[in-house]
Amino acid sequence: MLPLGGRNLRAGTLTPITPAMSAHARKRLYIKTYGCQMNVYDSERMADVLAPLGYGLTERPADADLVVLNTCHIREKATEKVYSELGQLKRLKEARAAAGGEMTIAVAGCVAQAEGEEIMRRQPAVDLVVGPQAYHQLPELIARTHRARGERLAADFAPQTKFDALSPERRPGGVAAFLTVQEGCDKFCTFCVVPYTRGAEWSRPAEAIEAEARALAARGVREVTLLGQNVNAYAGEGGLAGLIRRLARIEGLDRIRYTTSHPRDMDQALIAAHAEVPELMPYLHLPVQAGSDRVLKAMNRAHTAGGYLRLIETIRAHRPDIAISGDFIVGFPGEREADFEATLELVREVGYAQAFSFKYSRRPGTPAAALPGQVPEAVKEARLHRLQALLEEQQGAFNAAQAGRTLPVLFEKAGRRPGQLVGRSPYLQAVHAEAPDRLIGQIIAVRVESAAAHSLAGRLEAGLEIA
Ligand code: 5AD
Ligand code: SF4
């Protein structure tokens, strides 16, 4: 038992949790706590994790938009008590619906654990069931319930965050363009606001995408990057692989890329496309976030380090030269030194061509923000430094390995120096070369002569277009 509050609780007592409804609370939350101090503690945490979603406490179930019964199994007939309470709540929910409102009913705690989905079968008014210690999943579960009803969750999240946008600065016009094919995310990584701010995964119809791609090609675009928060979860006809094959047939569209992908949605068809579709560039941004299975689990990533490494191996078996890029978070709550070392180890095994790495940042309303073991800033800083040193070294090595090779470069614009153009290699490296302006928009063979940390320099092989 936790020495919390020292309140004397009887089963079925409404626990007076922190009284204040925050000034901007738009929704009311009623929590009824049964049983032990552990449940009192959990109820307080539930109120905490729900506050950023706009929920403030009420003591009247009839007023509540969300009712949580935090149940206890320890006494006889506890379960029956819960069902009888649920019967009363059902009537309140019906009254609310008759008045044009909505009430969400959640059952948490030990009865939820013992009965599971059976609760929803016996009392269909129940919207969700949360096991003990799963309070941190409440934001996700509530968001899913609301989405199922077609509602958007009005959270306290800033409308735009630096993680909520997809590399917007890259190439707004010209010969390479972005093309949105998918939005939203259903993955609910515990650190991330996107599933709340952007809503459920949604895919544009392939016809609309193809029409846009044709229009882009007609105005001189030769490379498209298909965009989506979870682009490889693209659910239109044929999935992402089908879409890529479809777009690859468009006259003039010579290069296709896509970002960002989730390891879980990397299916065989997409991997095969990397081997079979010449227009699909050998570059894959596949975030792993961390190399420790313990941390990956707490992040709700739905993959292990080993699973990710096997995936990379399979992809490389199909497309040996593919450049792998990733996202990393250091200092996730509970990350120990050994966990961080596991991230470094994974990075060493993969060998990244490019990467984005971040210190964990606590986003209110996300489950991880409520986790214990938040890592001190100085530790995060030091880990980020070590990780970035390794990633930079790998990027440098990847670039250096291109020296002496001839690469097809899509020239995009004038370079820094007069007489110079800059373009992209298939591996998304910036390549500088002396070349006339008329070559902008063309794919030209460039012999790489030198490599820097973030770019390559070379000379035109024979001035021939090789696309
Ligand atoms: N803290 C740190 N990094 C984050 N990202 C997303 N949310 C957070 C957060 N709370 C990173 C992830 C993701 C990338 C777009 O931003 O690495 O893949
Ligand atoms: Fe956020 Fe990406 Fe995880 Fe979705 S898959 S929750 S967008 S980090």
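Only a predicted model underlies this, so the values are computations on that prediction, with no experimental measurement involved.

Here is what the cut-offs are and how they apply
- Residues numbered from 1 in each chain as written.
- Chains lettered and ligands numbered in written order.
- Predicted model: local features only at pLDDT ≥ 70, side-chain atom pairs only at ≥ 80, totals over all residues.
- Heavy atoms only, no water.
- Helix = DSSP H or I, 4+ residues; strand = E, 2+ residues; numbered from the N terminus.
- Buried < 20%, exposed > 50% of the residue type's maximum accessible area, 1.4 Å probe, protein only.
- Contact = heavy atoms within 4.5 Å.
- Areas by Shrake-Rupley, 256 points an atom, 1.4 Å probe, with all protein chains shown as cover.
- 1 Å grid on protein atoms, 1.4 Å probe; cavity = no way out; pocket = protein on both sides within 12 Å on 5 of 7 lines; lining within 4 Å.
- Points joined across faces, edges and corners; volume = space filled by probe spheres on them.
- Domains from an automatic or database assignment.
- Near = heavy atom within 4 Å.
- Nonpolar A, V, L, I, M, F, W, Y, C, P; charged D, E, K, R; others polar.
- Phe/Tyr/Trp six-rings, centres within 6.5 Å; stacked < 30°, edge-to-face > 60°.
- Lys NZ or Arg CZ within 6 Å of the ring centre and 35° of its normal.
- Pairing = 2+ DSSP bridges.
- Right-handed = clockwise from strand over helix to strand, strands pointing away.

Right, let's get into the overall build of the chain. Within the chain, the regular secondary structure consists of 13 helices and 18 strands. When each of the 467 residues of the chain is scored for burial, the buried share is 53%. Pairs at least 24 apart in sequence give 71% of the contacts found in the chain among residues at least 6 apart. Surface accessibility of the chain: about 20700 Å² in total, with carbon and sulfur atoms responsible for 53%.

Next up on the list: the layout of surface pockets. Here the second largest pocket is characterised by a volume of approximately 360 Å³. As for the second largest pocket, its lining consists of 18 residues, and the residues nearest its centre are His136, Thr190, Lys297, Ala298 and Asn300. Of the residues forming the lining of the second largest pocket, the biggest block, four residues, is contributed by helix α10 (residues 293-298). Counting only domains with at least three residues in the lining of the second largest pocket, you end up with domain 1 (6-160) and domain 3 (286-299 + 307-401).

Contacts to ligand 2 come from Cys185, Lys187, Phe188, Cys189, Phe191, Cys192, Val194, Pro195, Asn230, His262 and Arg301. Of the residues assigned to the shell around ligand 2, the class counts are seven nonpolar, two polar and two charged.

To continue, consider the packing of aromatic side chains. Within the structure shown, the criterion is met by five aromatic pairs. Summarising the aromatic geometry, the rings of Phe188 and Tyr196 are spaced 5.4 Å apart at their centres and angled 75° between planes, so their arrangement reads as edge-to-face. What makes Phe188 buried here is its relative accessible area of 1%. Between Phe191 and Phe332 the ring centres are 6.4 Å apart and the planes differ by 85°, which places this aromatic pair in the edge-to-face class. With Phe191 in the loop between β7 (182-183) and α6 (194-197) and Phe332 in the loop between β12 (323-330) and α12 (337-350), this residue pair connects regions lying 141 residues apart in the sequence. Exposure remark for Phe332: the relative accessible area of 0% places this residue in the buried category. Taking NZ or CZ as reference, Arg122 lies 3.7 Å from the ring centre of Tyr83, over its face.

A few words on the pairing of strand β1 (residues 27-33). With six of its seven residues buried, β1 lies for the most part within the structure. Pairing of β1 with strand β2 (residues 55-57), which is carried by three bridges, proceeds in the parallel orientation. Within the sheet, the bridge partner assigned to Lys27 lies in β2 and is Tyr55. With helix α1 (residues 37-50) bridging β1 and the parallel β2, this β-α-β connection has right-handed handedness. In the sheet, β1 pairs with strand β3 (residues 66-71) via five bridges, with the strands oriented parallel.

A few words now on the side chain of Lys93. Structurally, Lys93 can be placed in helix α2 (residues 78-98). Classification of Lys93 by relative accessible area gives buried; the value is 18%. Among all residues touching Lys93, those that are not within four sequence positions of it are Met103, Ile105, Ala125 and Asp127.

Taken by themselves, the reported measurements are silent on function.
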